[in-house]
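Examining the three-dimensional arrangement
Residues per chain are reported as follows:
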Amino acid sequence: GTATAGTAIRTAYREGFSTQNGGRAGVPRIIIHVNNGPASDPTYLEQQVNEAKQAGVTVYNIGVGAGATSMPTDQSQVASEPTSRYVMTAQNYQTLGSLTAPLAARIADELPATSGATLPPVGHSCLNKADVVFLLDGSSSVGQGNFDRLLNY
């Protein structure tokens, strides 16, 4: 994560799902946060993630590389619960594609925010629609080549 990860989460849940920006009522609202290490300001990031979750947003966290996978506590603080569902890791940016199918299956099983469900869904249902915002780590530690891979993910 970067020093601006908390601000990115805040902007995503406050603006990314607004009706002015195409947000729809009654559909799951999902943030997919992709990062390669611990946040510079983890307290602020965790606060913003908690506010997003309280607003009914589901947060997936995808940690990439040794910097992210060595900090499991940090990763779980930036995701919905249970972490076994909402935290995913890739060994590096080249293997990020291996998470596409499992992530898509998990997102397809999300329940609309208006359903009142408190447990993660089970089964193989398929959504008609969902609002999804990707937050990509654009810090210099990612590098241009890896950032381009993120854009194609």
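Above this text you will find the structure in question.
Residues numbered from 1 in each chain as written. Predicted model: local features only at pLDDT ≥ 70, side-chain atom pairs only at ≥ 80, totals over all residues. Heavy atoms only, no water.

Quick notes on the overall build of the protein
What counts is decided by this rule: Comment: elements are numbered from the N terminus, with helices defined as DSSP H or I runs of at least four residues and strands as E runs of at least two. Using a 1.4 Å probe, accessible areas were evaluated by the Shrake-Rupley method; residue-level cover was limited to the displayed protein chains.
Helix and strand content of the protein: 7 helices and 4 strands. Working note: accessible area of the protein is about 7,800 Å², and carbon and sulfur atoms make up 52% of it.

Overview of the pattern of salt bridges
Going by this rule: Take a side-chain nitrogen of Lys or Arg and a carboxyl oxygen of Asp or Glu: if they are within 4 Å of each other, that pair is a salt bridge. Note on classification: 1.4 Å probe, protein chains only; a residue is buried when its accessible area is under 20% of the maximum for its type, exposed when over 50%, partly exposed between these limits.
If you walk through the whole model with that rule in mind, you get 2 salt bridges. Residues Glu 51 and Arg 14 are paired through a salt bridge, measuring 3.8 Å at the closest nitrogen-oxygen approach. You can see Glu 51 sitting in helix α2 (residues 42–54) and its partner Arg 14 sitting in helix α1 (residues 5–16), a full 37 residues away along the chain. Overall, Glu 51 belongs to the partly exposed group, its relative accessible area being 26%. Residue class for Arg 14 comes out partly exposed when judged on its relative accessible area of 43%. Arg 24 serves as the salt-bridge partner of Asp 131, at 2.5 Å between the closest nitrogen and oxygen. With Asp 131 in strand β4 (residues 131–136) and Arg 24 in the loop between α1 and β1 (29–35), this residue pair connects regions lying 107 residues apart in the sequence.

Details of the sheet that holds strand β3 (residues 87–90)
Definition in use: If DSSP finds at least two bridges between two strands, the strands pair. Working convention: axes come from line fits to C-alpha atoms, limited for helices to the stretch in contact. Angles between N-to-C directions cover 0 to 180 degrees.
Strands sit in the order β3-β2-β1-β4 across an open sheet of 4 strands; the sheet is parallel. Among the strands making up the open sheet, the edge pair consists of β3 and β4. Between one strand and the next, the sheet's axes are offset by a mean angle of 20 degrees, whatever the strand orientation. Pairing between β1 and β4: 6 bridges, direction parallel. Paired with Val 34 across the strands is Leu 136, a residue of β4.

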